[in-house]
Amino acid sequence: MASAKPLKVMVSGDVEGNITQLYTRFNKANKKGGPFDLLLCVGDFFGKDGSDWEQYRSGKLKAPVSTLILGPCKPELTDYYPDSEAGELCENITYLGRHGRFRGSSGLQIVYFSGVEGEGEKGLSTFSSKDALSLLQPIKNDSHFKGVDILLTSQWPRGVDKYASDAELDRRSDSELIGEVARVIRPRYHFVACEGVSYERQPYRNHRTMQEAPEHVTRFIALARLDNKEKRKSLYAFSIVPMCNMDRAELVKQPPDATECPYKTYELKGAQSQEEETGQQFFYDMSQRSGGRGRGQRGEKRRGHPDRGARGGGGEGGGRGGKAPRRSEDASDCWFCLGSPQVEKHLVVSVGSQSYMALAKGGLVADHVLILPIHHHRCTVSAPDEVLQEIEKYKSSLRKCFKADGKVVVFFERNYKSSHLQIQCVPIPADTLQELKDTFMQCAEAQSFELFEIPKHSDLKQIVPAGTPYFYAELPTGERLLHRITEQFPLQFGREALAEPPILNMPERVDWRNCKSSKEEESEQAAAFKSTFRPFDFNFM
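Residues numbered from 1 in each chain as written. Predicted model: local features only at pLDDT ≥ 70, side-chain atom pairs only at ≥ 80, totals over all residues. Heavy atoms only, no water.

J.: Please explain the overall build of the protein chain as it appears in this structure.
T.: Each helix and strand in the protein chain was counted, giving ten helices and 27 strands. Here the analysis covers contacts within the protein chain between residues at least 6 apart in sequence; of these, 70% occur between residues at least 24 apart. Here the protein chain displays about 25900 Å² of accessible surface, and carbon together with sulfur accounts for 46% of that area. (Helix = DSSP H or I, 4+ residues; strand = E, 2+ residues; numbered from the N terminus. Contact = heavy atoms within 4.5 Å. Areas by Shrake-Rupley, 256 points an atom, 1.4 Å probe, with all protein chains shown as cover.)

Dropping the structure here:
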């Protein structure tokens, strides 16, 4: 496809009635970097003082460029929209409407959603889930819909800063409905206002990494009020080729800092309810049966079974003789739920509100520990956010603790033949870092499976579908490795890679059962590590 001529677009935050100031600044920018084809305004275009507007409404002054504006965010500003219908308010200033899709002659596609969320409230300045549903339902039913160029909303989407490397922003108001609109619409640019701050988020992906074909990314940009004393950015200028005129390979290029999509699926009121994912994990029967088929068919699914053998150091599961023990419907017999009588509490070294840390039974090294949720959660993918947040705190504390001893730490998880989330934490000498990734890759190759590196700023929950067995490792260099398990998987793989000569050089300790100690020795080791870790334990900060 031949490259089309890009459009030059400028976007403004809340104008709040300062229309002459807007066009004065626009004209200045237009002389330097124009000519601009279009001016878009998010937030409140009008303000309490209507003197500027009267000049343009009466025709005494004329807007120098085609200007598209949203509806009001405040009830007292609805008088500026006498007909409440989309249309030209004066020459070159057009009200887009409450919500809808706009397509210019150039092919530029814009979706707009005016006002702020006000469920149950009626008026031009508010919207409800019914409004979002009327906008999104036709799009969800359109199999050819691939996204739009620009999304304009005044209100912020809730959770947009998730996965972003920037500090969390303090906002007065945001909306889950707007987040759902953005998730479904998949805009290339999403502009918002209303909060008086300027903020440009890292781009985020609109596809699930390693599951779906690449799609274009979204750039989220918040603009400050036009008239702000802090000199925060209130105007944003950029060039854009409409996606309908772009080559797909160019359109879907992924910036190196792109993150996962920050929004969760939000079920709109009035929408047909979708069956919730239960998080039930299934495994194919991979034993060699008649016909020599090692990979089970759909009719051969079995429930996941408790990891009776892996009481600490990432050991084998599945019991003895290759028979899977029956899975209990509750977690009362789980070896790792902290409230269970089965847990070996003498190994516990730290307890938080959502998770705890324990010395690994038969650890690869003396300070090999586990991070586990207090309550029963099978894996990272199915664990609630509050649990994962505290696990990250433990990881951070461990990094600091081992750094003080000249070590770095490798974290890995095997969600296969295990019933309770276990994050294995193994310290290694800092001078082995250069060999670490290659060692993991070579060990995987020797076992005839492939490890993939997960892109930066991505979320395991969005990469791995619920119920999928996997092996996952976080290296001290920031690289993260993943294998989605579809066939037999070596249960000791994480230990095996770290026990290789370039790293720990202790092949005799690959199998945790060869490393078991007496209960007295375990208690002494746990007490020693607890003392070492205490200055770094966030529970005592």
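J.: Looking at this structure, how should I read the packing of aromatic side chains?
T.: The geometry of two aromatic rings is summed up by the distance between their centres and the angle between their planes. Evaluation of the coordinates by the stated rule reveals 28 aromatic pairs. Summarising the aromatic geometry, the rings of Phe471 and Phe493 are spaced 5.2 Å apart at their centres and angled 85 degrees between planes, so their arrangement reads as edge-to-face. Placement of Phe471 in strand 26 (residues 470-474) and of Phe493 in helix 9 (residues 493-498) is noted, with a sequence separation of 22 residues between them. The exposure classification of Phe471 matches that of Phe493, with both residues buried. Taken together, Phe412, Tyr416, Phe440, Phe449, Phe471, Phe489 and Phe493 form an aromatic cluster joined through their ring pairs. Here the guanidinium or amino end of Lys395 rests over the ring plane of Phe411, the centre of that ring lying 5.5 Å away. The side chain of Arg534 reaches across the aromatic face of Phe540, ending 3.6 Å from its centre. (Phe/Tyr/Trp six-rings, centres within 6.5 Å; stacked < 30°, edge-to-face > 60°. Buried < 20%, exposed > 50% of the residue type's maximum accessible area, 1.4 Å probe, protein only. Lys NZ or Arg CZ within 6 Å of the ring centre and 35° of its normal.)

J.: Would you take a moment to explain the sheet that holds strand 26 for this structure?
T.: What links the strands of a sheet is backbone hydrogen bonding, and the strands pair in either a parallel or an antiparallel sense. The eight strands are arranged 20-21-22-24-23-26-27-25 in an open sheet whose pairing can be described as antiparallel. A strand with exactly one partner marks an edge of an open sheet, and here the two such strands are strand 20 (348-351) and strand 25 (452-453). Strands strand 20, strand 21 (355-359), strand 22 (369-373), strand 23 (407-415), strand 24 (423-429) and strand 26 of the sheet are contacted by helix 6 (residues 385-403), whose axis makes an angle of about 150 degrees with strand 23. Against the sheet, helix 10 (residues 519-533) contacts strand 20, strand 21 and strand 22, and its axis sits at roughly 125 degrees relative to strand 21. (Pairing = 2+ DSSP bridges. Axes fitted to C-alpha atoms, helices over the stretch in contact; angles between N-to-C directions.)

J.: Hey, could you run me through the sheet that holds strand 2 (residues 38-41) in this one?
T.: What the six strands build is an open sheet, ordered 4-5-3-2-1-17; its pairing is mixed. Of all strands in the sheet, those with a lone pairing partner are strand 4 (87-90) and strand 17 (235-240), marking the two edges. Between one strand axis and the next, the sheet turns by 25 degrees as a mean value, whatever way the strands run. Direction of pairing for strand 3 (residues 67-69) relative to strand 5 (residues 93-95): parallel, over a ladder of three bridges. Bridge assignment links Leu68 to a residue of strand 5, and that residue is Thr94.

J.: What am I meant to see in helix 6 here?
T.: Along an α-helix, a turn takes 3.6 residues, which lines up residues three or four apart on a common side. Taking 1.5 Å per residue, 19 residues should reach 27 Å; helix 6 reaches 27 Å between its end C-alpha atoms and fits that length. All of the buried residues along helix 6 are Val387, Leu388, Glu390, Ile391, Tyr394, Lys395, Ser397, Leu398, Cys401 and Phe402. (Expected span 1.5 Å × (residues − 1).)

J.: I'm lost on the packing of helix 6 against helix 10 in this one. Help?
T.: Pairs of packed helices are described in terms of their axes, by the angle between the two and the distance that separates them. At a closest axis distance of 10 Å, the pairing of helix 6 and helix 10 adopts a crossing angle of 90 degrees. Relative to helix 10, the element helix 6 is oriented roughly perpendicular. Where helix 6 approaches helix 10, its residues Tyr394, Ser397, Leu398, Cys401 and Phe402 are matched on the opposing element by Phe529, Thr532 and Phe533. (Parallel < 35°, antiparallel > 145°, perpendicular 65-115°, else oblique.)

J.: Would you explain the nonpolar core in this entry?
T.: When a protein is soluble and globular, its nonpolar side chains tend to lie buried together. If you look at the biggest cluster of nonpolar residues, it comprises 36 residues, and the most contacted ones within it are Tyr356, Met357, Ile371, Leu398, Cys425 and Phe529. For this core, the elements supplying multiple residues, two or more each, are strand 20, strand 21, strand 22, helix 6, strand 23, strand 24 and helix 10. In terms of residue count, the dominant contributor to this core is helix 6 (seven residues). If sequence neighbours within four positions are ignored, Cys425 has contacts with Asp367, His368, Val369, Ile371, Leu398, Val409, Val410 and Phe411. (Core = buried A, V, L, I, M, F, W, Y, C linked by side-chain atoms within 4.5 Å.)

J.: Please clarify how the environment of Ala526 should be interpreted in this entry.
T.: Tracing the backbone through its elements, the reader meets Ala526 in helix 10. What Ala526 contacts, discounting residues up to four positions off in sequence, is His346, Leu347, Val349 and Leu359.

J.: I keep staring at the side chain of His368 and nothing clicks. Help me out?
T.: Mapped onto the secondary structure, His368 falls in the loop between strand 21 and strand 22. The exposure class assigned to His368 is buried, which follows from its relative accessible area of 0%. Within the structure, the side chain of His368 is placed 2.9 Å from the backbone nitrogen of Leu364, a separation counted as a polar contact. (Polar contact = N/O pair within 3.5 Å; in protein donor to acceptor, adjacent residues only side chain to side chain.)

J.: Looking at this structure, how should I read the pattern of salt bridges?
T.: For side chains of opposite charge, pairing can occur when their charged atoms come near one another. Inspection of every chain in the model, using the stated rule, returns 27 salt bridges. When the shortest N-O distance is used, the salt bridge between Arg188 and Asp149 registers 2.7 Å. Here the residue Arg188 occupies a position in strand 13 (residues 187-192), and Asp149 occupies one in strand 10 (residues 148-153), the gap between them amounting to 39 residues. For the pair Arg188 and Asp149, a shared accessibility class is recorded, and that class is buried. Residue Asp174 pairs with Arg158 through a salt bridge whose shortest N-O separation is 2.9 Å. In this pair, Asp174 sits in strand 12 (residues 174-175) while Arg158 sits in the loop between strand 11 (156-157) and strand 12, placing the two residues 16 residues apart along the sequence. The partly exposed category is assigned to Arg158, whose relative accessible area is 41%. One salt-bridge network, in which partners are shared between bridges, spans Lys162, Lys264, Asp385 and Lys461. (Salt bridge = Lys/Arg side-chain N within 4 Å of Asp/Glu carboxyl O.)

J.: Explain the pairing of strand 13 to me, please; I cannot follow it from the model alone.
T.: In regular strands, side chains alternate between the two faces of the sheet. The element strand 13 is extensively covered by neighbouring structure, given that six of its six residues are classed as buried. Bridge count between strand 10 and strand 13: four bridges; the pairing is parallel. Residue pairing for strand 13: Val148 is matched across the bridge by Pro187. Where strand 13 lies against strand 16 (residues 217-222), four bridges are found, and the strand directions are parallel. Along strand 16, the bridge assignment pairs His190 with Phe220.

J.: Looking at this model, I keep getting lost on unusual backbone geometry. Mind explaining?
T.: Generally, phi is negative for residues other than glycine and the peptide bonds are trans, each holding for most cases. With an omega of 5 degrees, the peptide bond between Gly34 and Pro35 qualifies as cis. Structurally, Pro35 is set in the loop between helix 1 (19-33) and strand 2. At Glu16, a position not held by glycine, the phi torsion is positive, near 55 degrees. Unlike most non-glycine residues, Asn92 shows phi in positive territory, near 75 degrees.

J.: Before we go on, may I ask you to explain helix 7 (residues 433-446) in this structure?
T.: Between its terminal C-alpha atoms helix 7 stretches 21 Å, which fits the 20 Å expected from 14 residues at 1.5 Å a residue. All of the buried residues along helix 7 are Leu436, Thr439, Phe440, Cys443 and Ala444. Buried residues belonging to helix 7 abut strand 23, strand 24, strand 26, strand 27 (480-484) and helix 9. Just past helix 7, the residue Ser448 takes up positive phi, approximately 65 degrees.

J.: Explanation requested: the environment of His420 in the structure shown.
T.: Considering the arrangement of structural elements, one finds His420 in the loop between strand 23 and strand 24. Along the sequence, His420 and Thr380 sit 40 residues apart, while their C-alpha atoms lie 9.7 Å from each other. With near-sequence residues (within four places) excluded, His420 lies in contact with Cys334, Phe336, Cys337, Leu372, Pro373, His375, His376, His377 and Arg378. There is a polar contact of 2.9 Å between the side chain of His420 and the backbone oxygen of Pro373.

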